[in-house]
Every structure is written in structure tokens, then in C-alpha cells.
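Letter by letter, the chains look like this.
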Amino acid sequence: MRKVRAALLCVVASAAILLHSCNADNPAYPRENLKATWIVDIHDGEALDERDYTVMTFSSSGLVNYEGVLTLDSSNYQWGENSLRYDIYCCDLSIYGTYSGLFGYLAEMETRQEYSFIVNEDSLMTLGVDVWSMGGAEAASPYSSMTMRKLPQSYAAADTLYGVWQFNTRNGEDFSGYRLQFQPEGVLTVSRRTGENSWEMMGDSTDYYSFYYDFMALTVYDNEEFGTSGKWDVKCFSIDSVSGRTGRMAIRSGGEEFMLSYISAN
């Protein structure tokens with residue numbers, strides 16, 4: 001009986017040590033902390049180009065909404081989304097489901113991804129890849145770790161952008177020949193100057209935008225300045241500042257910096 005009791009105590013102590021170790025590195029709040037919108041902007045310690053960002057929203061129902069560049073075919077792209085499922089157990093995160101074009105996959109493809117928490121802070125997480133499978137087979141992961149930052153729970157809605165904004169400068173040089181008009185329901189119009197006081201819409205289809213606090217993704221068609229002529233493409237920007245008081249907005253993309261001025265309401 002004494003040996004059984006000792007063995008039982010040993011098992012309990014081992015479990016307690018394991019639990020303590022896990023919680024010491026990854027406190028008991030990871031599941032609740034994860035339920036938010038995050039922007040993945042670093043892979044393997046290297047900052048990504050804005051176009052390669054991924055937006056991940058984890059819900060309380062066990063769903064994770066992936067948003068990023070969606071491949072339509074070999075030369076057409078849009079900002080799109082996939083809905084997957086996720087589970088958390090102690091220090092591990094599992095994401096699984098079916099991609100429908102995200103990350104360059106044209107055909108629907110089942111995925112399962114297993115991550116471990118390397119850094120788990122209130123507003124910053126780094127996850128290490130343990131398992132990465134596509135189509136039911138283990139595959140090489142495009143990265144070994146990803147770092148994401150949490151957006152405020154109630155960040156300002158897109159109506160902070162509504163209206164017509166004109167580009168002023170690009171890397172400090174004049175770039176006043178283009179305008180962006182942000183409308184409700186994610187509708188965007190890109191215009192170019194055709195005369196001193198005249199403007200025309202670029203492309204021959206409705207463009208779209210998605211807004212995430214300090215990041216926005218534009219899906220544009222037949223736009224030689226912000227996409228590629230004759231097709232759909234995605235142009236993404238980090239928003240450094242927006243001021244309704246001064247009517248100024250500073251954004252950047254791919255190492256370039258832009259300044260815009262607010263012109264009018266829709």
C-alpha cells in the first residue's frame with residue numbers, strides 16, 4: 001500500500017511539475033487571450049511585406065477566420081478569407097480545415113497545422129510550427145515560426161476613412177495625380193487626374209478594400225499604378241496615422257511612404 005501511495009504521489013507530482021512548467025511559460029489565459037483579431041506580420045523573425053500579411057480572427061466558437069491574398073488563378077488575386085477551426089491544449093494550438101485558394105493554393109485543400117507557443121503575451125504572440133500538413137500529407141511549412149500582434153478589441157470602424165482622399169506625396173515626391181474614395185460595404189474607387197480639375201475612375205470594375213485598425217488591403221482591377229494592367233491584384237498598406245482634425249493620412253507599402261489629404265465626403 002505504501003508503494004502504491006508513493007507511486008501515486010510521484011504521478012501527481014510529475015503532472016503538477018508539467019502543468020506548472022507549461023503555465024510558467026504560457027499562462028492559463030492563452031485560450032481567452034487568443035479570442036481576438038491578430039495581424040501576422042513576421043515570419044522567422046523577419047518583417048513581411050504588407051502584401052504578405054495575414055489577418056487571423058479567433059472566435060469563442062472555435063473558428064478562426066484567415067484573411068489574406070487569395071489566388072483566383074495564375075495571374076489574378078484578391079483579398080479573401082477562409083474559415084478554419086482551432087483547438088488549444090495547454091501550450092499547443094491546432095488549426096485545421098480546408099483552404100479555398102489562400103496562400104497560392106488554387107484547388108480546395110485540407111490543412112492541419114500544429115503550433116507551440118513560444119511567446120504568449122497580451123498583445124503579442126510567436127508560434128513555432130510543429131506539424132504542417134496539406135491534403136492529408138505532411139508538407140514543408142513556409143516558415144518555422146510566425147509572430148502576430150493583437151488589434152484593439154474595439155478598433156475604429158472603417159467609417160473613419162469614408163470619403164475622398166488624394167495622394168500628396170510618394171517618398172517625398174509629388175504624387176498628386178491619384179485619389180481613393182472609401183465607401184460603405186468595403187467599396188473603393190481609385191481615380192486618376194485627367195486635367196486640372198477633372199478625374200476618371202481607373203479600371204472598369206468595382207474595387208474593394210478591407211480595413212483593420214492600422215492596416216488596409218485594396219483589391220483593384222486593371223490598375224497599372226496599384227496593381228497590374230488587365231487583371232485583379234492586391235495592394236496593401238500599413239497606416240501610420242490618420243487625423244480627422246488635420247485631414248491627413250500617412251501610409252506605407254513595400255518600403256514606400258505616402259501622404260494623403262482628405263478632400264470631401266462621399
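Conventions used here
- Residues numbered from 1 in each chain as written.
- Predicted model: local features only at pLDDT ≥ 70, side-chain atom pairs only at ≥ 80, totals over all residues.
- Heavy atoms only, no water.
- Helix = DSSP H or I, 4+ residues; strand = E, 2+ residues; numbered from the N terminus.
- Buried < 20%, exposed > 50% of the residue type's maximum accessible area, 1.4 Å probe, protein only.
- Contact = heavy atoms within 4.5 Å.
- Areas by Shrake-Rupley, 256 points an atom, 1.4 Å probe, with all protein chains shown as cover.
- Core = buried A, V, L, I, M, F, W, Y, C linked by side-chain atoms within 4.5 Å.
- Polar contact = N/O pair within 3.5 Å; in protein donor to acceptor, adjacent residues only side chain to side chain.
- pLDDT = per-residue confidence, 0-100.
- Salt bridge = Lys/Arg side-chain N within 4 Å of Asp/Glu carboxyl O.
- Pairing = 2+ DSSP bridges.
- Phe/Tyr/Trp six-rings, centres within 6.5 Å; stacked < 30°, edge-to-face > 60°.
- Lys NZ or Arg CZ within 6 Å of the ring centre and 35° of its normal.

(A) Examining the overall build of the chain more closely. Counting its secondary structure elements, the chain contains two helices and 20 strands. By the burial criterion, 41% of the 266 residues in the chain qualify as buried. Put simply, of all contacts in the chain between residues at least 6 apart along the chain, 44% involve residues at least 24 apart. Summed over its atoms, the accessible surface of the chain is roughly 13700 Å², and 50% of this surface lies on carbon and sulfur atoms.

(B) View of the nonpolar core. Of all hydrophobic cores here, the largest spans 25 residues; its most connected members are Met56, Tyr66, Leu93, Ile95 and Tyr115. No other element matches the five residues that strand β8 (residues 124-134) contributes to this core. Among all residues touching Tyr115, those that are not within four sequence positions of it are Tyr66, Cys91, Asp92, Leu93, Ile95, Leu127, Gly128, Val129, Asp130, Trp132, Tyr143 and Met146. Core analysis: the second largest hydrophobic core is formed by 23 residues, Leu180, Phe182, Leu188 and Tyr209 among them.

(C) Broad picture of the side chain of Thr111. Within the fold, Thr111 resides in strand β7 (residues 109-120). Here the side chain of Thr111 touches Ser133 through a polar contact of 3.1 Å, landing on its backbone oxygen. Among all residues touching Thr111, those that are not within four sequence positions of it are Leu84, Ile95, Tyr96, Gly97, Tyr99, Ser133 and Met134.

(D) Just the confidence of the model for the chain, in detail. Confidence in the prediction of the chain, expressed as mean pLDDT, is 86, and 89% of residues score 70 or more. Low confidence marks residues 1-24, where pLDDT is under 50. Its contacts with residues over four positions away, or in another chain, come to three contacts.

(E) Main features of the environment of Tyr53. Mapped onto the secondary structure, Tyr53 falls in the loop between β2 (46-47) and β3 (54-58). Taking the C-alpha atoms as reference, Tyr53 lies 9.6 Å from Met148; in sequence the two are 95 residues apart. Not counting residues within four places of it along the chain, the set of residues in contact with Tyr53 comprises Ile39, Val40, Asp41, Leu48, Glu67, Gly68, Trp79, Phe215 and Ser238.

(F) Spatial organisation of the pattern of salt bridges. Within the structure shown, the criterion is met by eleven salt bridges. For the salt bridge of Asp41 with Arg149, the shortest nitrogen-to-oxygen distance reads 2.9 Å. Taken as a pair, Asp41 in strand β1 (residues 37-43) and Arg149 in strand β10 (residues 145-150) lie far apart in primary sequence, 108 residues in all. Classification of Arg149 as partly exposed rests on a relative accessible area of 22%.

(G) Expanded view of the pairing of strand β4 (residues 63-71). Of all nine residues that make up β4, seven are buried, and the element is covered over most of its length. Where β3 lies against β4, four bridges are found, and the strand directions are antiparallel. When the bridges of β4 are listed, Val55 appears paired with Glu67. Following β3, the chain reverses through four residues before pairing antiparallel with β4; Gly62 in that reversal takes a positive phi of roughly 85 degrees.

(H) Quick look at the side chain of Ser94. Within the element layout of this structure, Ser94 appears in strand β6 (residues 92-99). Separated by 2.5 Å, the side chains of Ser94 and Glu114 make a polar contact. Other than its neighbours up to four places away in sequence, Ser94 contacts Arg85, Tyr86, Asp87, Arg112, Gln113 and Glu114.

(I) How the structure looks around the packing of aromatic side chains. Within this structure, the stated rule accounts for 20 aromatic pairs. Each ring, one from Phe167 and one from Phe175, has its centre 5.3 Å from the other, and the planes form 80 degrees; the classification is edge-to-face. By way of ring pairs, the aromatic residues Phe167, Phe175, Tyr178, Phe226, Phe237 and Phe258 are connected into one cluster. The lysine or arginine in question, Arg51, covers the ring of Tyr77, its NZ or CZ lying 5.2 Å from the ring centre.

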